[in-house]
Amino acid sequence: MLLCCGIAGAQQADIILHGGTVVDGSGAPSRVEDVGIRDGRIVFVGPKGKWTANRTIDAKGLIVAPGFIDPHTHTAGDLSDPARSRNDAYLMQGVTTVATGNDGAGPLDIGATFAKWTQQGIGTNAALFIGQGSVRHAAMGGDFDAKPTDAQMAQMKQMVEKAMQDGAIGISTGLYYSPGSFSTTEEVIELSKVAAAHGGIYDTHMRDESSYNIGLLASVKETIRIGREANMPVMISHIKALGADVWGQSGQVIDLINAARAEGVKVSASEYPYDASGTSVSAALVPRWAEAGGRGALQKNLTDPAVHAKLVAEMEDNLRRRGGAETLLMTSARDKSIVEKNLAQIAKERNQSAIDTAIEIVLHGDSDVASFNMKESDIVAFMQQPWVMTCSDGSDGHPRKYGTFPKKFHEYVVEKHVQTIEQMVRSSTSLTAETLQLKDRGLLKVGYYADVVAFDPKTFRDLSTYEQPKNLATGVKYLTVNGTLAIDEGQLTSAKAGMTLKHQ
Ligand SMILES: [Zn+2]
């Protein structure tokens, strides 16, 4: 390859990041180096020697790393809306690539979605899963608790086949949620094999992260079985031990996964660094049978005297499992008067039981909740596993969408020393690229795409809170997406330089 030049021997880059502390994503020790970018790719990592650049950035004192990759987001809506498609919440955290379509949900037409994003422009790179729940809903409509007929199964397979041909990176499930919850393991395996035939991966919000139905450990076993029998890598989304009944089970979960990995099943997981999950009142408290048949059936079951006693008893148990009414904080609801209050406070104001209050909230359009249900010791135990990636699972009404990556850095690297910076960066870059099979991303390496973050370790912080979940993070000074500056001197540029990352 001819590398051009004005001055004899000199080589011209677009951008050089000069003198930063390079954490290259592999886990190797950090070192002070220069990084050169040209035509969207990294052209050198090392002393700049005779390289010159159109723009030389003084990166002294900054951490220079591969842009972060988030394997579990809910950004499909954002990326499809030109007003939000720059994906500011993620860029400001140093994230250059997101995957979405997780939890079994997300767009059904992968090809059309990618085409729209390419046409309108997106701020980060984006990859897509085909959601098993979306597929099942499309094929079976409201027959949530039915077993698919042969024709319906064939139709679902056809949809997954089409999605994989259109570039989905794999299939996602949300077996905790309706309609995925009504799928048997065998049904999931059969459908996942279609994605496996294309080299896709399986990503799951497991059937139970707590003690709702089969339990946490049985859910991990189910996931491993799916990996083994569909013969594909499996990724457990936002791994956690949810609720008092399963606190402390992280060790057993880790043992199960390590044993499966030793046996040759490719199992990985993602995790967000928060002790509250984000869900809705109905998802947290209402039993799934009450949702079978969709929204209309839910309304009926919530008000039907014939099932009221059974409903209340099960909701009470679910509330106990979650940690009680104080632990459910309303974060965004149609009824604005309840936002920022917990269920116990609202019940007290209304002078009624927590369960009656929860039923009222669901009947009036439901509410997002932050559900404080995780133990720090479990969070840390999972984080320390070499197969656990960083994910945001970003959703409205939870600070993780705007804060995950800087929070993990500030809290778990700087303050608590749970991870080294090299481990934190690896778990947020190369490990994720490898798991999602994203080619030439996740490392600062010659020939790789120039997704590069330079952040100030002293100021890289999450500012989003449960009260103010949409505060942008601070501390990223420079960010390139495919070699184009998306953040320059701490400010977002107008660039939408993201690519759609189609599975090949
Ligand atoms: Zn999920």
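The structure we're discussing is the one just above.
For clarity, every value in this text was computed on a predicted model and none was experimentally measured.

Here is what the cut-offs are and how they apply
- Residues numbered from 1 in each chain as written.
- Predicted model: local features only at pLDDT ≥ 70, side-chain atom pairs only at ≥ 80, totals over all residues.
- Heavy atoms only, no water.
- Phe/Tyr/Trp six-rings, centres within 6.5 Å; stacked < 30°, edge-to-face > 60°.
- Helix = DSSP H or I, 4+ residues; strand = E, 2+ residues; numbered from the N terminus.
- Buried < 20%, exposed > 50% of the residue type's maximum accessible area, 1.4 Å probe, protein only.
- Lys NZ or Arg CZ within 6 Å of the ring centre and 35° of its normal.
- Axes fitted to C-alpha atoms, helices over the stretch in contact; angles between N-to-C directions.
- Parallel < 35°, antiparallel > 145°, perpendicular 65-115°, else oblique.
- Left-handed = near helix turned anticlockwise from the far one by under 90°.
- Contact = heavy atoms within 4.5 Å.
- Nonpolar A, V, L, I, M, F, W, Y, C, P; charged D, E, K, R; others polar.
- Pairing = 2+ DSSP bridges.
- Donors = N, O, S within 2.8 Å, 3.2 Å for Na, K, Ca; no water.
- Tetrahedral: all angles 85-135°; square planar, octahedral: opposite > 155°, others 65-115°.
- Arc of directions from axis to C-beta.
- Polar contact = N/O pair within 3.5 Å; in protein donor to acceptor, adjacent residues only side chain to side chain.

Colleague: I keep staring at the packing of aromatic side chains and nothing clicks. Help me out?
Modeller: Geometry of an aromatic ring pair is reported as the spacing of the ring centres plus the angle between the planes. Evaluation of the coordinates by the stated rule reveals 11 aromatic pairs. Seen in terms of ring centroids, Phe 114 and Trp 117 are 6.1 Å apart; in terms of plane orientation they differ by 80 degrees. Their pairing is edge-to-face. Taken together, the residues Phe 114 and Trp 117, both in helix α3 (residues 110-120) and three residues apart, mark about one turn of the helix. For the residue pair Phe 114 and Trp 117, the accessibility class agrees, reading buried in each case. A ring pair is formed by Tyr 176 and Tyr 177, whose centres lie 5.3 Å apart and whose planes are at 70 degrees; its orientation type is edge-to-face. Each member of the aromatic cluster is reached from another via a ring pair, and the members are Phe 68, Phe 405, Phe 409, Phe 455 and Phe 460. Cation over ring: Arg 41 sits above Tyr 449, and NZ or CZ is 3.8 Å from the ring centre. Taking NZ or CZ as reference, Lys 407 lies 4.7 Å from the ring centre of Tyr 274, over its face.

Colleague: When you look at the packing of helix α4 (residues 132-140) against helix α5 (residues 150-165) in this model, what are you seeing that I'm missing?
Modeller: In a packed pair of helices, the relevant descriptors are the angle between the two axes and the axis-to-axis distance. The interhelical angle for the contact between α4 and α5, taken along N-to-C directions, is 135 degrees, at an axis separation of 9 Å. Taken together, α4 and α5 sit at an angle that is classed as oblique. Every pair of crossing elements has a handedness; the one defined by α4 and α5 is right-handed. Along the contact surface, α4 presents Val 135, Arg 136, Ala 138, Ala 139 and Met 140, while α5 presents Gln 152, Gln 155, Met 156, Met 159 and Val 160. Tallied by class, the residues present in the contact of α4 with α5 amount to seven nonpolar, two polar and one charged.

Colleague: What am I meant to see in the side chain of Thr 75 here?
Modeller: Relative to the helices and strands, Thr 75 resides in the loop between β6 (68-70) and α1 (76-80). Sequence-distant contacts of Thr 75, that is, excluding residues within four places in its chain, are made with Asn 87, Tyr 90, Val 98 and Thr 100.

Colleague: Hey, could you run me through the sheet that holds strand β15 (residues 367-372) in this one?
Modeller: Neighbouring strands of a sheet are bound in pairs by backbone hydrogen bonds; such pairs are parallel or else antiparallel. Strands sit in the order β13-β15-β14 across an open sheet of three strands; the sheet is antiparallel. The two strands at the open ends of the sheet, each matched to only one other strand, are β13 (276-280) and β14 (328-333). Along the sheet, successive strands turn relative to each other by an average axial angle of 25 degrees, direction set aside. Of the strand pairs in this sheet, β13 and β15 are connected by five bridges, and their pairing is antiparallel. Counted as the bridge partner of Gly 278 is Ala 370 from β15.

Colleague: I keep staring at the coordination of the zinc ion and nothing clicks. Help me out?
Modeller: Tetrahedral metal sites with four donors have an ideal angle of 109.5 degrees; octahedral sites with six donors have ideal angles of 90 or 180 degrees. Taken together, the protein ligands of the zinc ion are Asp 103 (OD), Asp 103 (OD), His 205 (ND1) and His 238 (NE2), with distances of 2.1 to 2.7 Å. Around the zinc ion, the four donor atoms sit at angles spanning 52 to 145 degrees, and that spread fits a shape best called irregular.

Colleague: Would you mind going over the sheet that holds strand β7 (residues 95-100) with me for this structure?
Modeller: The sheet built from eight strands is open, its strands ordered β6-β7-β8-β9-β10-β11-β12-β16 with parallel pairing. Whereas interior strands pair on both sides, the edge strands pair on one side only; in this sheet they are β6 and β16 (388-390). With direction set aside, neighbouring strand axes in the sheet form an average angle of 25 degrees. Summarising the sheet, strand β10 (residues 201-205) and strand β11 (residues 234-236) pair through three bridges and their orientation is parallel. Residue Tyr 202 lies in a different strand from β11, and its bridge partner there is Val 234.

Colleague: In this structure, what is going on with α3? I would like to understand it.
Modeller: For an α-helix, the turn length of 3.6 residues means that residues three or four places apart are oriented alike. Those residues of α3 that fall on the buried side of the exposure criterion are Ile 110, Thr 113, Phe 114 and Trp 117. Seen end-on, α3 carries its buried residues on one side only, within an arc spanning 95 degrees. Residues of α3 that are buried in the fold lie against α1, β7, β8 (125-131) and α5. By the N-cap criterion, in which a side-chain oxygen at the helix start approaches the backbone nitrogen of a residue two or three places on, α3 is capped by Asp 109, the distance to Gly 111 being 3.3 Å. Looking one or two residues beyond α3, the residue adopting positive phi is Gly 121, at roughly 90 degrees.

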